[in-house]
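Observations on the three-dimensional arrangement
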Amino acid sequence: QISVFFQQMITVYILERCLVAGVRREVEVSSERNQRSALTSLLGMMCDATVELDSKHCIVSHVPALAHMLLHGHGKSLQGLQMISFVPDAEDQQVFLKSVLEPEEGALSTAATFHGSVRDALGNKIKSQFFHV
């Protein structure tokens, strides 16, 4: 009976640990989702266009505000295009890549801001401020 009791206690302990770990993961995911939503809202209030890039710096989903700002027309999607293709100057491209790829040394976060320009569909340069989070 004692061995059965200990087996039951071990089983209960393992189940409790699994449940606690599962609940902790759910709380972390929910917290991350809330932080991402707050960040997206804040950027949306501050910026003319908010763009999410993948690991290859390609635009993840169509952003109508960016398409309009760059005069790309109503029906043309910018999804899948590299963001750097809209940055005309080699110097601005280097600043863009450096800011996105390499956080400032000693920085506590990976957020960065930098000035540069983008080129619209008519070839006009638009001075811009970029925020990378």
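Since the structure is predicted, the reported quantities are computational estimates derived from the model, not experimental observations.

What follows deals with the pattern of salt bridges. One pass over the full model with this rule turns up one salt bridge. Lys125 is the salt-bridge partner of Asp89, the closest N and O atoms lying 2.8 Å from each other. Linking Asp89 in the loop between α2 (64-69) and α3 (90-101) with Lys125 in strand β2 (residues 125-132), this pair joins segments that are 36 residues apart in sequence. Using a relative accessible area of 48% as the deciding quantity, one classes Lys125 as partly exposed.

Let us look at unusual backbone geometry. Here the phi dihedral of His57 falls at roughly 65 degrees; this positive angle occurs in a residue that is not glycine. On the secondary structure map, His57 appears in the loop between α1 (2-46) and α2. Residue classification places His57 among the buried positions, given a relative accessible area of 13%. The residue Leu71 is not glycine, and still its phi comes out positive at about 55 degrees. Its place among the elements puts Leu71 in the loop between α2 and α3.

Let us look at the pairing of strand β1 (residues 112-119). One face of the sheet, then the other: side chains in a regular strand alternate in exactly this way. Pairing analysis gives eight bridges linking β1 to β2, with the strands arranged antiparallel. Residue pairing across strands places Ala112 opposite His132, the latter belonging to β2. In this antiparallel pair of consecutive strands, β1 and β2, the connection spans five residues, and Gly123 shows a positive phi of 90 degrees.

Applying the stated criterion to the full structure yields four aromatic pairs. Considering the side-chain rings of Phe96 and Phe130, the 6.1 Å spacing of their centres and the 70 degrees angle between planes classify their relative orientation as edge-to-face. With Phe96 in helix α3 and Phe130 in strand β2, this pair connects stretches of sequence that are 34 residues apart. Of the residues examined, Phe96 reaches a relative accessible area of 3% and is grouped as buried. Members of the aromatic cluster, connected to one another through ring pairs, are Phe96, Phe114 and Phe130.

Conventions adopted
- Residues numbered from 1 in each chain as written.
- Predicted model: local features only at pLDDT ≥ 70, side-chain atom pairs only at ≥ 80, totals over all residues.
- Heavy atoms only, no water.
- Salt bridge = Lys/Arg side-chain N within 4 Å of Asp/Glu carboxyl O.
- Helix = DSSP H or I, 4+ residues; strand = E, 2+ residues; numbered from the N terminus.
- Buried < 20%, exposed > 50% of the residue type's maximum accessible area, 1.4 Å probe, protein only.
- Pairing = 2+ DSSP bridges.
- Phe/Tyr/Trp six-rings, centres within 6.5 Å; stacked < 30°, edge-to-face > 60°.

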